[in-house]
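For reference, the chains in residue letters:
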Protein chains: 2
Amino acid sequence: MIVGVLGPAGSYSEKAAKKWAKKMEHTDVPVFNYYEDITDTFSAVVNKTVDYGVVPVENSIEGSVGITLDQLFENEITITSEIVVPIEHCLLSKGSLSDIKIILSHPQALAQCRNFLKTHFKNTELRTTGSTSHAATLATEFDEMAAIASRSSAEMYGLKILIPNIQDHNENYTRFLVIKSKYKTSNIKSIPTEHLYKTSIIVYLDQNRPGALYEILEEFAKKEINLTKIESRPSKKALGDYLFYIDFEGSIQDETIKSALDNLGRKVKMLKNLGSYPKDN
Amino acid sequence: MIVGVLGPAGSYSEKAAKKWAKKMEHTDVPVFNYYEDITDTFSAVVNKTVDYGVVPVENSIEGSVGITLDQLFENEITITSEIVVPIEHCLLSKGSLSDIKIILSHPQALAQCRNFLKTHFKNTELRTTGSTSHAATLATEFDEMAAIASRSSAEMYGLKILIPNIQDHNENYTRFLVIKSKYKTSNIKSIPTEHLYKTSIIVYLDQNRPGALYEILEEFAKKEINLTKIESRPSKKALGDYLFYIDFEGSIQDETIKSALDNLGRKVKMLKNLGSYPKDN
């Protein structure tokens, strides 16, 4: 089983993929293909270069990962799992604190440590990288560079942990999605049915009509379906024109959910079903 | 009148502030205080160092500006206006295309030009700055540096426009908010009533109950109040726990709106009214 993740080795995506593989009790040990960015991971899934891809979708401090939401809309993929991973960002370097002139990391990680950086490194140059582990590899080159990355990246690339746990809020978790091509049969045995399922959809509403979104939520409310997330994202057609990303409890296999989605389909301009998958608790 | 904007001179925030001042027909010409980031602009407003602050809240390609949403929640401010500004990002440099080794800009601008950068500058180093105009000032130092910034930044800092219009989608607009301290009386004459108004609120729901959000939207739907935006943002307490940012048409001066908000207040754990302001068309 080949799994596409953000590279190089040591990224949080890889950590999520390992947690998933363990949980799914695959007899087939995962082999990782590393990609430079989220778009490339999606392309590898769509082209079937990999069996699965693991991508970050949401962080408890910084919110949704915009590029992942856009790619979920643009590609023919199915979500097969979600994995929640605790995030502990550390400041890593070969040098010592007084050497640091440049701090590197993924834009989401920089944002999650915004207050820390502003308080302690107000005038230090910030550079973005494709992943936190990529930042760690670059920081091995010069003493004056530090990376914001995981504890395991420190071990993997021989960097010192100058300051651990530097995110602005202690409760820091990222939710990852496991995706596969819509046209590829899953080789994973079906998950025990006692799992609680979630389903993700994208809808595009009939705009500028009072109550359009309300009518959508009505479908869920009258069937007592619990929404776990609703997020708007620009349609990129015009300012103020949105797609809605909705996650709710239940599987498309359930009669209630199936009928809710049928009704929904008649009320919206577009409905994209991204898949049903076991909830990660 | 002192107005706080992202600095240095030439930022899109300053452009928005100038458009606003012209529109409001102030006899009092605005004097700009420039700030390094959005948090500092909010602080200046709260401390009354400035009369008004102008901050970006939403872009038609990249979506909401997370830090602005967080600051709207955390500070005692009132929104007095919204201003929509067309964005045209250009690649600016002292040098020529073949010299470029480093591209600098604000993270939102880098994200709005993601495909352009990936196609033409895959291996070029990207650095983040506090604003696009800050990137432009830095690019004046070395031929090998380029900034993604506005056309007016090129003129202001004597840079060449190497490539104009580099954002990934042509429809690129940013919505800015004009904010003032909640405890400061506005010295702006009231706006003619023929303007269509918008109101912005933040609500925190009683979680994990099917239909909680639906009951909120019901208040708007049954009064035929048109929602223009609904956006979730992490509460930062736990993954999957959200605040909802809702914009709708109408002013708190209207009886209908007042009564909707009264009913809403009884249904939610927290309701923060950010203010009513004329819509920018």
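The name an unreviewed UniProt entry gives chain A is prephenate dehydratase, with Methanohalobium evestigatum as the organism. Word for word, the UniProt comment on chain A under Pathway (unreviewed entry) is "Amino-acid biosynthesis; L-phenylalanine biosynthesis; phenylpyruvate from prephenate: step 1/1."

Q: Summarise the overall build of chain A; cite the residues concerned and give the values.
A: If you tally the helices and strands in chain A, you get 9 helices and 15 strands. Taken over C-alpha atoms, the radius of gyration comes to 20 Å for chain A, in line with the 19 Å a tight globule of 281 residues would show. If one aligns the C-alpha atoms of chain A with their principal axes, the spans along those axes are about 60 × 45 × 30 Å. A buried classification covers 58% of the 281 residues belonging to chain A. Intrachain contacts of chain A at a sequence separation of at least 6 include 77% that bridge at least 24 residues. A total accessible area of about 11400 Å² is found for chain A, and carbon and sulfur atoms account for 50% of it.

Q: Please provide a residue-by-residue account of the relation of the copies chain A and chain B, values included.
A: Least-squares fitting of chain A to chain B yields an RMSD of 0.0 Å, with the superposition described by an axial translation of 0.0 Å and a rotation of 180°. What the superposition gives is, in effect, a two-fold axis relating one chain to the other. Closest to the rotation axis within chain A is the C-alpha of Arg 127 of chain A, separated from it by 2.2 Å. When the interface residues of chain A are mapped onto chain B, 100% of them again fall at the interface, so both copies present the same face.

Q: Explain the pattern of salt bridges residue by residue, including any values.
A: Under the defined criterion, the tally for this structure stands at 53 salt bridges over all chains. Between Lys 122 of chain A and Asp 40 of chain B there is a salt bridge, with its nearest N and O atoms 4.0 Å apart. One end of the pair, Lys 122 of chain A, is in the loop between helix H5 (114-120) and strand E8 (125-128); the other, Asp 40 of chain B, is in helix H2 (residues 38-46), on a second chain. According to the relative accessible area criterion, Lys 122 of chain A is partly exposed, its value standing at 42%. In this structure, Glu 219 of chain A engages Lys 223 of chain A in a salt bridge whose closest nitrogen and oxygen atoms are separated by 3.4 Å. Relative accessible area serves as the criterion here: at 2%, Glu 219 of chain A is assigned to the buried category. Look at Lys 223 of chain A and you get partly exposed, because its relative accessible area is 22%. Among the ionic contacts, a cluster of salt bridges with common partners joins Glu 58, Glu 82, Arg 175, Lys 198, Lys 229, Glu 231 and Asp 247 of chain A.

Q: I'd love a proper account of the environment of Asp 262 of chain A, names of residues and values included.
A: Residue and element names in this part refer to chain A. By secondary structure assignment, the location of Asp 262 is in helix H9 (residues 255-267). Its relative accessible area of 47% is what places Asp 262 among the partly exposed residues. Along the chain, Asp 262 and Glu 219 lie 43 residues apart, while their C-alpha atoms are 9.9 Å from each other.

Q: Before we move on, can you summarise the domain arrangement of chain A with the specific residues and values?
A: Segmenting chain A into domains produces domain 1 (2-86 + 172-181), domain 2 (90-163) and domain 3 (197-278). Here the C-alpha centre of domain 3 of chain A lies 39 Å away from the C-alpha centre of domain 2 of chain A.

Q: Lay out the interface of chain A and chain B with the relevant residues and their values.
A: With 49 residues of chain A at the interface, the matching set in chain B holds 49 residues. In total, about 4200 Å² of surface goes out of reach between chain A and chain B, with carbon and sulfur atoms giving 54% of it. Among the residues of chain A in contact with chain B, Tyr 214, Lys 236 and Leu 239 of chain A are the three that bury the most area, contributing 16% of the side total. Counting across the chain A and chain B interface gives 12 salt bridges.

Q: Describe the environment of Ile 202 of chain B, with residues and values.
A: Turning to its location among the elements, Ile 202 of chain B is positioned in strand E12 (residues 197-204). The spatial distance from the C-alpha of Ile 202 of chain B to the C-alpha of Val 57 of chain B is 14 Å, given a sequence separation of 145 residues.

Q: Give me the lowdown on the packing of helix H8 (residues 212-222) of chain A against H9 of chain A, citing residues and values where you can.
A: Residues and elements named next belong to chain A. Interaxial distance between H8 and H9 falls to 10 Å at its minimum, and their mutual angle equals 170°. In terms of orientation, H8 and H9 fall into the roughly antiparallel class. For the pair H8 and H9, contact is made by Glu 215, Ile 216, Glu 218, Glu 219 and Phe 220 and by Ala 260, Asn 263, Leu 264 and Lys 267, respectively. Residues belonging to the contact of H8 with H9 are distributed by class as follows: 4 nonpolar, 1 polar and 4 charged.

Q: Go over the sheet that holds strand E13 (residues 227-234) of chain A with me, naming the residues and quoting the values.
A: Each strand in a sheet pairs with its neighbour through backbone hydrogen bonds, running either in the same direction (parallel) or in the opposite one (antiparallel). Residue and element names in this part refer to chain A. Strand order across the open sheet formed by 4 strands is E13-E14-E12-E15, with antiparallel pairing between neighbours. Of all the strands in the sheet, just E13 and strand E15 (270-278) have a single pairing partner and so form its edges. In this sheet, neighbouring strand axes are inclined to one another by 15° on average, regardless of whether the strands run parallel or antiparallel. Running over the sheet, H9 touches strand E12 (197-204), strand E14 (242-249) and E15 and is turned about 165° from E15.

Q: Outline the state of the cysteines, listing residues and values.
A: Counting across every chain of the model gives 0 disulfides over all chains. A disulfide-free cysteine, Cys 90 of chain A has its sulfur positioned 9.3 Å from the sulfur of Cys 113 of chain A, the nearest such atom.

About the cut-offs
Residues numbered from 1 in each chain as written. Chains lettered and ligands numbered in written order. Predicted model: local features only at pLDDT ≥ 70, side-chain atom pairs only at ≥ 80, totals over all residues. Heavy atoms only, no water. UniProt positions renumbered as here; feature names shortened; annotations may be inferred. Helix = DSSP H or I, 4+ residues; strand = E, 2+ residues; numbered from the N terminus. Rg over C-alpha atoms; globule rule 2.2 N^0.38 Å. Buried < 20%, exposed > 50% of the residue type's maximum accessible area, 1.4 Å probe, protein only. Contact = heavy atoms within 4.5 Å. Areas by Shrake-Rupley, 256 points an atom, 1.4 Å probe, with all protein chains shown as cover. Least-squares fit on C-alpha atoms with pLDDT ≥ 70 in both. Salt bridge = Lys/Arg side-chain N within 4 Å of Asp/Glu carboxyl O. Domains from an automatic or database assignment. Buried area = accessible area lost by both parts, 1.4 Å probe. Axes fitted to C-alpha atoms, helices over the stretch in contact; angles between N-to-C directions. Parallel < 35°, antiparallel > 145°, perpendicular 65-115°, else oblique. Nonpolar A, V, L, I, M, F, W, Y, C, P; charged D, E, K, R; others polar. Pairing = 2+ DSSP bridges. Disulfide = S-S within 2.5 Å.

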